[in-house]
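What follows is the residue order along each chain.
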Amino acid sequence: MSHLEIDGYSHLSSPIHRWDPRVKIVSMLVLIFSIVLLKSLAVALLGLAISIGLLLISRLPFAYVSQGIKWPALFLLPFPLILPLTMDGDMALTLYGLSFSVEGLEQGLLMMTRGLAAVVLIYPIFGSSPFNTTIHAMRSLGLPETVTQIFLFAYRYLFLLREQFTSMTRSLSSKGFTKKTDLPTARVLGAALGMLFIRSYERSDRIYKAMVSRGYNGHLPDSERFKINGFDLVKALMVLVLAFGLQGLDHLAVV
Amino acid sequence: MNPAIEVIGLSYRYPDGTLALDGVEFSIERSTSVALLGPNGAGKSTLLLHLNGLLGAKGSVSILGKKVEEANLPWVRERVGLVFQDPEDQLFMPSLWEDVAFGPRNLGLSNREVEENTSWALKVVGLSEMAEKCPHNLSFGQKKRAALASVLSMKPEVLVLDEPTSNLDPRSKEEVISLICDLKKKGTTILTAIHDVNIVPRIADQVLLLDRRVVELGPAREVLVKRGLLKGLGLDLPTIPDLFCTLKDDGYEIGDIPFTTDEALAALAGLIEK
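These numbers come from a predicted model, not from an experiment.

**Looking at the overall build of chain B**
Tallying secondary structure elements over chain B gives 12 helices and 10 strands in all. Computed over C-alpha atoms, the radius of gyration of chain B comes to 20 Å, within 12% of the 19 Å expected from 2.2 N^0.38 for 274 residues, which places it in the range of a compact globule. Its C-alpha atoms put chain B at 65 × 45 × 40 Å along the principal axes. When the 274 residues of chain B are sorted by exposure, 54% land in the buried category. Within chain B, counting contacts between residues at least 6 apart in sequence, those at least 24 apart form 60% of the total. Accessible surface, chain B as shown: approximately 12000 Å² in total, 48% of it carbon and sulfur. Averaging the coordinates of the 30 positive side-chain charges in chain B and doing the same for the 39 negative ones gives two points 2 Å apart.

Right under this line is the structure:
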């Protein structure tokens, strides 16, 4: 069974792909923090434009990115719809007794824009290097080894877990089970999930044995050798200028 | 010279009380390929785990003359390559290359040696092109070969395989068999737990019948014609020997029982001539 992984397009070639992953992670995280701390909607929209620009430079296919962005976007969409109704401020419109405030709309749009920009930037970070490389880069930046291993193995086995659950639900359907909103359905799904946990526990024991049999002693030997060159630093400088520039513009806009 | 594998009085009981091994004793000479046959629940996989020091039990296991005990475990694991039945258990890293390089790195080899061993192992199993792929994107047959590569990269002297051909289509099965045959020719000691008796004559010199204890250990061509013994364990004879054993029982004059298609054709031609 094939899955579209986050690093499915890490083989492409772009300035973002060729960027040292450690420098890339740090620079892009600074940019993300800069964007999510913005207070002006206009500057946040500029931040979103920069994020999209970086995404375009990374050459990651739009279809692949949009597929992953749709869920965070659905989560962010309610903000500009609900906040105008709940936030005090100048009334923009009154419809059937409901008052919509300008401040609420602005705040809602600001939250949605900042969120979308941050989510968009995740793709150039994680989609332009093999997941393994990104995790090793995070480890060399100080991520604890245990967390590194959890990330690596979670990434490897999440797909398998999903496959197992899919085959379990297919098996249930083949035996005439249909999902309803009642207690028997909850009981059956609970049992299936419980079985999945037991299987996962047993598998983890076998995986551990397989690792130990190949010399594992709790540590993953370093496999990546990173090297920073001048271009990496120039790219980092450009992104940092954008990050601090946005903060400067935001300061001016708010004042 | 010390035998490759020597097991004396090995008994193991699972935490739930199930007796898996009961006084198992046998010895396998170096550069020998042995097929481990037995019914489900005979303790085959449990026995294999002991050879790598993954389970501790009553009795003793020695590899190349050294006892498998806490102090020797790194030494033993460097020399005994264990391939698990389910490749999903064996392939735990996010890329195939990382998986195959995992063992050599743990052995403390230099980067150049890790690279050499990994490239060699991937080439041997025919997966060099897949090196950067995530294991879950490989087909089941490829996963089986990848699991083998992940152990071959450590260049073990003893190879222990748990059902290497189970759930494989005929072509993938053939690829794994030819791999095992190549390793056998190179003098690797191989112990293969297997259910498919038709493969045994091709990959093994000897057969070890296990049913919690050793029932029989002997040359493959002698053990695989003992119909009563095999049936008693719920095992089948390979198809060709089974046919010729039946003919022999029916009074036909059969010399040596044939095991391969060529041998069977020659035997049939002889019967027709008579």
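**Considering the UniProt feature "domain: ABC transporter" (unreviewed entry) in chain B**
Using the residue numbers shown here, the UniProt feature "domain: ABC transporter" (unreviewed entry) corresponds to residues 5-237 of chain B. Segment residues 5-237 of chain B splits into 37% helix and 24% strand. End C-alpha atoms: 26 Å apart.

**Considering the interface of chain B and chain A**
Of the residues lining the interface, 29 residues belong to chain B; the matching set on chain A comes to 30 residues. Carbon and sulfur atoms supply 56% of the area that chain B and chain A bury against each other, a total of about 2600 Å² over both sides. For the chain B face of the interface with chain A, the top three residues by lost area are D89, F92 and H136 of chain B, together amounting to 26%. Joining chain B to chain A, the criterion identifies five salt bridges.

**Here we look at the packing of helix α4 (residues 96-106) of chain B against helix α6 (residues 140-152) of chain B**
Residues and elements named next belong to chain B. Axis separation between α4 and α6 bottoms out at 6 Å; the angle between their running directions is 35°. Together, L96, D99 and V100 of α4 and A146, A149 and S150 of α6 make up the contact between the two elements. Taken together, the residues of the contact of α4 with α6 sort by class into four nonpolar, one polar and one charged.

**Thoughts on the UniProt feature "transmembrane region" (unreviewed entry) in chain A**
Per the UniProt record, "transmembrane region" (unreviewed entry) is annotated on residues 25-57, 69-87 and 107-126 of chain A. As annotated, residues 69-87 of chain A has a helix share of 89% and a strand share of 0%, and its two end C-alpha atoms lie 27 Å apart.

**Regarding the side chain of T148 of chain A**
Assignment of secondary structure puts T148 of chain A in helix α7 (residues 145-174). Sequence-distant contacts of T148 of chain A, defined by excluding residues within four places in its chain, comprise I135, R139 and L143 of chain A.

**Observations concerning the packing of aromatic side chains**
Under the criterion given, the structure shown has 10 aromatic pairs over all chains. Between F131 of chain A and Y155 of chain A the ring centres are 4.0 Å apart and the planes differ by 20°, which places this aromatic pair in the stacked class. Of the two residues, F131 of chain A sits in helix α6 (residues 131-140) while Y155 of chain A sits in helix α7, which places them 24 residues apart along the sequence. Residue Y155 of chain A is classed as buried on the basis of its relative accessible area of 9%. Ring centres 6.3 Å apart and planes at 90° place the aromatic pair Y208 of chain A and Y216 of chain A in the edge-to-face group. Residue Y216 of chain A is classed as buried on the basis of its relative accessible area of 14%. Among the aromatic residues, those joined into a ring-pair cluster are F153, Y208 and Y216 of chain A together with F92 and F102 of chain B. When the ring centre of Y157 of chain A is taken as reference, the NZ or CZ atom of R156 of chain A above it lies at 4.8 Å.

**Examining the domain arrangement of chain B**
Residues and elements named next belong to chain B. Partitioning chain B into structural domains gives domain 1 (5-237) and domain 2 (238-273). On a C-alpha basis, the centroid separation for the pair domain 1 and domain 2 is 32 Å. Facing 10 residues of domain 1, the contacting portion of domain 2 comprises 11 residues. Summed over both partners, the interface of domain 1 with domain 2 comes to about 870 Å²; 57% of that surface belongs to carbon and sulfur atoms. Taken as a group, R221, R227 and L237 account for 58% of the area that domain 1 buries against domain 2, more than any other trio of residues on that side.

**Quick notes on the pairing of strand β9 (residues 206-210) of chain B**
Residues and elements named next belong to chain B. Within β9, four of the five residues are buried, which leaves it mostly tucked inside the rest of the structure. Sheet topology note: the strand β3 (residues 33-37)/β9 ladder contains four bridges and is parallel. The partner of L36 across the bridge, within β9, is L208. Between β9 and strand β10 (residues 214-219), which pair antiparallel one after the other, the connecting turn spans three residues, and R212 there sits at a positive phi close to 70°.

**Some words on the environment of T148 of chain A**
Given a relative accessible area of 1%, T148 of chain A falls into the buried group. Through-space distance from the C-alpha of T148 of chain A to that of L81 of chain A is 39 Å; in sequence the pair is 67 residues apart.

**Describing the nonpolar core**
Residues L31 of chain A together with I5, I63 and F92 of chain B are the most contacted members of the largest nonpolar core, which totals 86 residues. Top contributing element to this core by residue count: helix α5 (residues 102-126) of chain A, with 10 residues. In this structure, V151, L159, L233 and L247 of chain B belong to the second largest nonpolar core, which totals 54 residues.

**Brief notes about the pattern of salt bridges**
Residues and elements named next belong to chain B. If you walk through the whole model with that rule in mind, you get 23 salt bridges over all chains. For the salt bridge of E263 with R221, the shortest nitrogen-to-oxygen distance reads 2.8 Å. With E263 in helix α12 (residues 261-273) and R221 in helix α9 (residues 220-223), this residue pair connects regions lying 42 residues apart in the sequence. Using a relative accessible area of 28% as the deciding quantity, one classes E263 as partly exposed.

The rules we used
- Residues numbered from 1 in each chain as written.
- Chains lettered and ligands numbered in written order.
- Predicted model: local features only at pLDDT ≥ 70, side-chain atom pairs only at ≥ 80, totals over all residues.
- Heavy atoms only, no water.
- Helix = DSSP H or I, 4+ residues; strand = E, 2+ residues; numbered from the N terminus.
- Rg over C-alpha atoms; globule rule 2.2 N^0.38 Å.
- Buried < 20%, exposed > 50% of the residue type's maximum accessible area, 1.4 Å probe, protein only.
- Contact = heavy atoms within 4.5 Å.
- Areas by Shrake-Rupley, 256 points an atom, 1.4 Å probe, with all protein chains shown as cover.
- Lys, Arg positive; Asp, Glu negative; His and termini not counted.
- Charge placed at Lys NZ, Arg CZ, Asp CG, Glu CD.
- UniProt positions renumbered as here; feature names shortened; annotations may be inferred.
- Buried area = accessible area lost by both parts, 1.4 Å probe.
- Salt bridge = Lys/Arg side-chain N within 4 Å of Asp/Glu carboxyl O.
- Axes fitted to C-alpha atoms, helices over the stretch in contact; angles between N-to-C directions.
- Nonpolar A, V, L, I, M, F, W, Y, C, P; charged D, E, K, R; others polar.
- Phe/Tyr/Trp six-rings, centres within 6.5 Å; stacked < 30°, edge-to-face > 60°.
- Lys NZ or Arg CZ within 6 Å of the ring centre and 35° of its normal.
- Domains from an automatic or database assignment.
- Pairing = 2+ DSSP bridges.
- Core = buried A, V, L, I, M, F, W, Y, C linked by side-chain atoms within 4.5 Å.

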